[in-house]
Amino acid sequence: MTATVPPPGTKGSLRRRLWRLAETVTTPVLPGDYLDLVAPLRAGADLRGRIVAVRPETPDAATVLIQPGRSWRGHLPGQYVRLGVDVDGVRQWRAYSVTSAPGRRSDPISVTVKAIPDGVVSNHLVRRVRPGTIVQLDQARGDFVLPESVPSRVLFLTAGSGITPVAGMLRGGALAGSDVVLIHSAPTPADVVFGAELRDLAARGVIRLVERHTEIDGLLDVAELDALVPDHLERETWACGPLGLLDAVEQHWAARGHADRLHTERFRPTIITAGDGGTVTFTRSSVTVQATGATPLLDAGENAGVLMPSGCRMGICFGCVLPLRQGAVRDLRNGQLTTALPGDGVRVQTCVSAAAGPCELEI
Amino acid sequence: MTVIQNKADNPIAHLSAEDIENLGKELDAIRERVINDRGERDAAYIRKVISTQRKLEVSSRVVLLFSLFPPAWIVGTAGLAVAKILENMEIGHNVLHGQWDWMRDPKIHSTAWEWDHATPAEQWKQSHNELHHRYTNVVGKDNDLGYGIMRVDEDQPWHPAYLGQPFYNFVNACFFEYGVAAYDLDLGQKLKNGGHKDPVFRAQLRAAGRKIRRQVLKDYLLFPLLSGPSFFHTMAANFTANLIRNLWSHSVIMCGHFPEGVETFSKTSIEGETRGEWYLRQMLGSANISGSRLMHIMTGNLSYQIEHHLYPDLPSNRYQEIAPEVRALFDRYGLKYTTGSLPRQVFSAWKKVFRLSLPNRRRPEISEDRPTPTLVAAGT
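Residues numbered from 1 in each chain as written. Chains lettered and ligands numbered in written order. Predicted model: local features only at pLDDT ≥ 70, side-chain atom pairs only at ≥ 80, totals over all residues.

Under an unreviewed UniProt entry, chain B has the name Acyl-CoA desaturase and belongs to Micromonospora zingiberis.

Chain A appears in an unreviewed UniProt entry as Ferredoxin reductase from Micromonospora zingiberis.

Pasting the structure below:
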């Protein structure tokens with residue numbers, strides 16, 4: 001925390017100098033560490049947001065309204081935002097599509113979360129989080145967005161929470177003059193997130209809505225598309241949903257020679273499955289080795305010639321801690337599993353952790 | 001205090017190797033339970049302590065801008081001293097131990113934390129976490145035993161220079177943060193054996209120099225300047241706050257390993273040490289301080305030194321909770337749980353500093369090379 005961060009609004013050397021002076025006064029921490037106590041959402045602070053409200057959508061989905069900090073740069077409809085939420089004291093990062101229409105930068109944004117079974121973050125956000133909670137944010141990202149010149153004929157193909165980025169686009173208003181078809185799958189009518197709003201759009205003729213209730217009618221087969229939307233291959237198509245659907249859709253569009261008209265969004269598809277041992281990559285050293293489930297990552301790195309930081313080698317000194325970029329490791333003392341995806345900011349003690357599947361360490 | 005294996009009444013003679021391993025398993029179970037239970041309550045605790053400390057520090061520094069007025073000087077100095085103690089003990093020491101790494105908050109992480117102390121966090125972590133906690137109370141390996149300037153064990157050979165150790169100890173207490181910085185650099189040894197030309201050492205020396213410069217600049221120039229007409233009063237207040245912090249942390253730390261009843265170990269005894277034996281050494285090599293909840297927080301819960309040494313990476317707020325269970329284990333295994341009030345333990349530690357400044361009475365010198373039984377052999 002001693003690193004010098006660019007001061008808020010780097011213009012003006014006087015301001016910069018004052019900030020430097022403030023740093024020498026607050027050393028060993030930063031002026032911002034004090035300011036965070038009173039103004040966590042101020043300009044120049046790490047991007048955070050305050051939860052304003054949580055509104056239930058379906059029995060297992062809710063919309064979370066977040067007031068982003070002053071550094072928020074806005075979003076395009078269809079983009080996602082990464083949220084860092086403290087669940088049971090542990091910071092967990094997840095990506096969610098922004099479902100609110102782009103507004104002024106000071107407006108609250110919303111994400112809509114579906115609680116998945118055993119989902120640590122989704123259940124917390126849907127059922128437990130309270131307004132007033134501060135969450136960590138990242139700027140909006142993602143290229144699952146409408147082009148600048150909006151196509152005249154559009155097809156959205158969604159399932160489950162895959163509706164969320166599309167809801168952002170529908171609410172954005174850019175599709176006002178277009179012919180829009182939405183085919184959406186959900187187990188039952190009550191499970192359709194934004195069901196009432198979508199049905200209202202359809203009733204007013206803004207979109208054509210095809211609801212597929214999979215508990216009654218079974219999963220959608222891509223072969224049915226010819227009958228449901230005969231001109232679907234001529235439409236610019238955005239698809240978002242479970243992997244099975246996306247794979248089938250991609251094959252279908254590719255087989256018919258129209259892959260260029262299809263845009264897909266895969267939600268957190270990387271599921272880390274834990275095994276026993278695995279390939280360990282030391283990313284900065286560009287070294288990859290095979291390690292057993294009993295070999296500490298520290299030993300694996302040292303044996304491969306990586307300059308590993310180390311200390312007591314028994315798990316007490318924390319001198320060997322490195323960022324686990326992604327993958328799964330197991331604590332050799334108690335078998336506890338730790339998994340990480342890029343951006344999760346997980347650090348592990350290499351002297352008491354072994355590979356539990358492929359993993360990447362930043363060194 | 002004598003290396004445990006040389007004692008006439010070896011306090012672990014009644015334990016078999018199997019007993020020691022079972023003890024280790026029971027201690028592991030306590031650790032496991034805390035780890036599985038740790039969560040929101042603990043996270044809220046450390047955030048609350050950090051926020052309280054920062055608010056106290058800011059308000060004390062603001063009050064000291066008017067330190068020309070005696071009441072402001074007294075209130076500001078007292079507040080700043082408490083803020084500095086909290087920052088070093090309950091926050092800095094424990095964050096740097098990785099006790100809060102599990103929260104995955106980059107702002108409260110052992111790899112990113114820096115503290116209000118002369119020694120850079122990086123260097124302290126090496127000498128404290130890696131050496132002291134691993135080699136706790138092993139004569140010749142754990143330099144925390146006397147900080148390399150004092151004789152605190154009958155088994156350390158006497159030298160006339162030790163006659164002055166009550167004085168050195170007092171000076172070290174007053175300027176403890178600089179003593180720790182020098183100690184983390186292994187400055188004495190490095191200067192003696194020419195290691196000061198080592199590039200690694202030189203880099204560390206520069207880092208420590210930069211850290212000390214920033215610390216001194218803040219406390220003895222910038223804040224006094226901001227105080228305008230109160231310049232010298234603020235300077236004196238900051239010096240006093242640092243002095244109080246130094247005396248306090250020195251006292252707490254002396255109580256951790258120096259009072260009567262704490263055991264030391266020979267280098268040979270830790271060869272091939274098992275997990276159970278490591279735990280046993282931590283149990284016998286540490287001493288607690290009894291007192292109020294506030295006192296425990298002000299010591300950074302190092303008043304639970306025994307629990308801290310058994311589990312250096314568990315959140316400090318948990319030591320108090322597991323202490324009764326740990327103590328029950330001591331009783332069951334027939335081991336001595338050393339504890340006492342702060343004045344009593346400080347007196348006990350100082351008494352030893354005075355006593356050992358003189359050569360041993362009665363007992364003959366025991367040389368380090370003398371073969372000593374290992375912990376296991378002692379029990380079998």
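Undergrad: Help me understand unusual backbone geometry in this model?
TA: Among all residues save glycine, negative phi is the norm, and among peptide bonds the norm is trans. Put simply, A:Thr27 and A:Pro28 share a cis peptide bond, and its omega is 10 degrees. Among the structural elements, A:Pro28 can be located in the loop between helix 1 (13-26) and helix 2 (31-38). We note that A:Phe194 has phi near 60 degrees; this positive angle belongs to a residue other than glycine. Within the fold, A:Phe194 resides in the loop between strand 8 (179-186) and helix 5 (195-203). On the neighbour-count criterion, A:Phe194 (22 C-beta atoms within 10 Å) is buried. Of note in the backbone geometry, B:Asp186 takes a positive phi value of approximately 55 degrees without being a glycine. With respect to the element layout, B:Asp186 can be found in the loop between helix 6 (176-185) and helix 7 (187-192). When the 19 C-beta atoms within 10 Å are taken as the criterion, B:Asp186 is described as partly exposed. (Helix = DSSP H or I, 4+ residues; strand = E, 2+ residues; numbered from the N terminus. Buried ≥ 20, exposed ≤ 12 C-beta atoms within 10 Å, placed from the backbone.)

Undergrad: Got a minute to help me understand helix 5 (residues 165-174) of chain B in this structure?
TA: At 3.6 residues per turn, the α-helix brings residues three or four places apart onto the same side. Residue and element names in this part refer to chain B. Those residues of helix 5 that fall on the buried side of the exposure criterion are Gln165, Asn169 and Asn172. Across the axial projection of helix 5, the buried residues extend over an arc of 65 degrees, all falling on one side. Counted as exposed and oriented over 90 degrees from the buried face of helix 5: Phe167 and Val171. Tucked into the core, helix 5 has its buried residues touching helix 6, helix 9 (231-257) and helix 14 (342-355). (Arc of directions from axis to C-beta. Contact = placed C-beta atoms within 7 Å.)

Undergrad: So what exactly am I meant to see when it comes to the environment of B:Trp248 here?
TA: Residue and element names in this part refer to chain B. With respect to the helices and strands, the residue Trp248 is situated in helix 9. On the basis of neighbour counts, which here come to 21 C-beta atoms within 10 Å, the residue Trp248 falls in the buried class. As a C-alpha pair, Trp248 and Gln189 span 59 residues in sequence and 27 Å in three-dimensional space.

Undergrad: Just checking my understanding: could you explain the domain arrangement of chain A for this structure?
TA: How big an interface is tends to be reported as the loss of accessible area on association of its parts. All names here are of chain A. Domain annotation for chain A reports domain 1 (1-38), domain 2 (48-137), domain 3 (153-265) and domain 4 (278-361). Taking only C-alpha atoms into account, the centre of domain 2 sits 24 Å from that of domain 3. Residue-level contacts link 12 residues of domain 2 with 14 residues of domain 3. Mapped onto the side of domain 2 that touches domain 3, the elements with two or more residues apiece are strand 1 (48-58) and strand 5 (109-114). (Domains from an automatic or database assignment.)

Undergrad: Would you mind showing me how to read helix 2 of chain A here?
TA: All names here are of chain A. Along helix 2, the positions that sit buried rather than exposed are Pro31, Gly32 and Asp36. Summarising the axial view, the buried residues of helix 2 lie within an arc of 135 degrees, below the 170-degree limit, and thus occupy one face. Buried positions along helix 2 lie against helix 1.

Undergrad: Hey, could you run me through the pairing of strand 11 (residues 262-265) of chain A in this one?
TA: Moving residue by residue along a regular strand, the side chains alternate between the two faces of the sheet. Note: strand 10 (residues 236-240) of chain A against strand 11 of chain A, four bridges, orientation parallel. Note on strand 11 of chain A: the bridge partner recorded for A:Thr237 is A:Leu262. (Pairing = 2+ DSSP bridges.)

Undergrad: Quick question: what am I supposed to make of the sheet that holds strand 2 (residues 61-68) of chain A here?
TA: Neighbouring strands of a sheet are bound in pairs by backbone hydrogen bonds; such pairs are parallel or else antiparallel. All names here are of chain A. If you trace the six strands from one edge of the open sheet to the other, you get 4-3-6-1-2-5, paired in antiparallel fashion. Sheet topology places strand 4 (90-97) and strand 5 at the edges, where each strand pairs with a single neighbour. Put simply, the sheet's adjacent strands are angled 40 degrees from each other on average, direction ignored. Of the strand pairs in this sheet, strand 1 and strand 2 are connected by eight bridges, and their pairing is antiparallel. Bridging from a neighbouring strand, Ile51 pairs with Ile66 of strand 2. (Axes fitted to C-alpha atoms, helices over the stretch in contact; angles between N-to-C directions.)

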